Amino acid sequence: MEFLLYRLTTKKQINKVIRYTEDKVVVIRFGRASDPVCMQQDYILSKASPYLSKIADIYIVEIDDVPEYVQYFDISLIPATIFFFNTKHIKINAGTQDNTKWIGAFETKQDCIDMIEVVCRGAMRGKYIVDCPIERTRIPQYSLYYKNI
């Protein structure tokens, strides 16, 4: 389902989308098209995209294309979905170790829609971090272990 979403391949394209999209949530999925979890995320994003067309633009980025952003956003697990609103990075308090991005795939299309609507409402009120509307049991669990720090 990757072909139904806009694909960004360069740092310049990503910067342009983040800087010049106004009054809409920019959703960027970092990952690999060959990864099964990324395929699931792409499928859910493509199914939710028509319902969110007035409040969000959804893009996908291959992590091999833009290593600068992979390092900047500290993307170590894929898929990683990051949200922006009027050039501001919107964080999500989902009760996980990393609030800067959504790691993993949404379980349902409705989870994706709910998340993006909450991000949009919070961002329009001037918030830079929003509470996750998804049940804790449906939030992907992972562990971050740092070595050689």
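One can find the structure itself at the top, above this paragraph.
Everything quoted here is computed from the prediction, not taken from an experiment. Throughout this document, residue positions are counted from 1 along each chain, in the order its sequence is written. Note on the predicted model: pLDDT of at least 70 is required for a residue's local features to be given, and 80 or more for side-chain atom pairs to be given and counted; whole-chain, interface and lining totals, by contrast, use all residues. Hydrogens and waters are ignored; side-chain quantities use all the structure's heavy atoms.

Enquirer: What is the right way to look at the nonpolar core in this model?
Expert: Residue types Ala, Val, Leu, Ile, Met, Phe, Trp, Tyr and Cys, when buried and joined through side-chain atoms within 4.5 Å, form a set referred to as a nonpolar core. Each residue is assigned to one of three classes by its accessible area relative to the maximum for its type, calculated with a 1.4 Å probe on protein chains only: buried under 20%, partly exposed between the two thresholds, exposed over 50%. Membership of the largest hydrophobic core comes to 29 residues, with the highest contact counts inside it found for V25, F83, W102, M115 and I116. The helix count covers DSSP runs of H or I at least four residues long, the strand count covers runs of E at least two residues long, and both are numbered beginning at the N terminus. Taken together, the elements giving at least two residues each to this core come down to β2 (25-31), α2 (36-48), β3 (56-62), β4 (80-85), β5 (88-93) and α4 (109-124). What makes two residues a contact is simply this: any of their non-hydrogen atoms within 4.5 Å. The residues touching M115, leaving out its near neighbours within four places in the chain, are F83, I92, W102, F106, C132, P133 and I134. In this structure, I14, Y59, V66 and F73 belong to the second largest nonpolar core, which totals 18 residues.

Enquirer: How should I be thinking about the pattern of salt bridges in this particular structure?
Expert: Here a salt bridge means any side-chain nitrogen of Lys or Arg lying within 4 Å of a carboxyl oxygen belonging to Asp or Glu. Overall, the coordinates contain four salt bridges when judged by the stated rule. D65 is the partner of R7 in a salt bridge, and the nearest nitrogen-oxygen pair spans 3.3 Å. Here D65 lies in the loop between β3 and α3 (67-72) and R7 lies in strand β1 (residues 6-8), a separation of 58 residues in the sequence. Classification of D65 as partly exposed rests on a relative accessible area of 32%. The partner of R29 in a salt bridge is D42, with the nearest N and O atoms 2.8 Å apart. Here D42 lies in helix α2 and R29 lies in strand β2, a separation of 13 residues in the sequence.

Enquirer: For this particular structure, what's the right way to read the packing of aromatic side chains?
Expert: We describe a pair of aromatic rings using the distance from one ring centre to the other and the angle between the two ring planes. The criterion for an aromatic pair is that two Phe, Tyr or Trp rings (for Trp, the six-membered ring) have centres within 6.5 Å, with stacked assigned to planes under 30 degrees apart, edge-to-face to planes over 60 apart and tilted to the rest. A complete count under the given rule lists six aromatic pairs for this structure. For the ring pair Y6 and Y59, a centre distance of 5.8 Å and an interplane angle of 40° mean the geometry is tilted. Here Y59 lies in strand β3 and Y6 lies in strand β1, a separation of 53 residues in the sequence. Owing to a relative accessible area of 59%, Y6 belongs among the exposed residues under this scheme. You can call Y59 buried: its relative accessible area is 10%. With centroids separated by 5.9 Å and ring planes inclined at 65°, the aromatic side chains of F73 and F84 adopt a geometry described as edge-to-face. One end of the pair, F73, is in the loop between α3 and β4; the other, F84, is in strand β4, and eleven residues separate them in sequence. F84 gets classed as buried once you look at its relative accessible area, which sits at 5%. Chaining the aromatic ring pairs together yields one cluster made of F30, Y69, Y72, F73 and F84.

Enquirer: Would you explain α2 in this entry?
Expert: Residues spaced three or four apart along an α-helix face the same direction, because each turn holds 3.6 residues. A helix is expected to reach a length of 1.5 Å times the quantity of its residues less one. Taking 1.5 Å of rise per residue, the 13 residues of α2 would be expected to cover 18 Å, and the 18 Å separating its terminal C-alpha atoms lies within 8% of that figure. When α2 is considered as a whole, its buried residues turn out to be C38, Q41, D42, I44, L45, S46 and A48. Looking at the packing, one finds that the buried side of α2 touches β2, β3, β4, β6 (102-103) and α4. Definition of a polar contact: a pair of N or O atoms within 3.5 Å, with one able to donate and the other able to accept a hydrogen when the atoms are protein atoms, and with sequence-neighbouring residues admitted only if both atoms are side-chain atoms. The N-cap residue of α2 is D35: its side-chain oxygen and the backbone nitrogen of V37 are 3.3 Å apart.

Enquirer: What's the story with the packing of α2 against α4 in this structure? I'm lost.
Expert: Packed helices, taken two at a time, are described by their axes: the angle between them and the distance between them. The convention used is that axes are lines fitted to C-alpha atoms, helices contributing only their stretch in contact, and that angles between N-to-C directions extend from 0 to 180 degrees. At their nearest, the axes of α2 and α4 sit 9 Å apart, and the two run at 65° to each other. As the angle between them shows, α2 and α4 are arranged roughly perpendicular. Pair α2 / α4 crosses with right-handed handedness. Across the interface between the two elements, I44, L45, K47 and A48 from α2 touch K109, C112 and I113 from α4. Roughly parallel refers to an angle under 35 degrees, roughly antiparallel to one over 145, roughly perpendicular to one between 65 and 115, and oblique to any angle outside these ranges. With the far helix as reference, a near helix turned anticlockwise by less than a right angle produces a left-handed crossing, and one turned clockwise produces a right-handed crossing.

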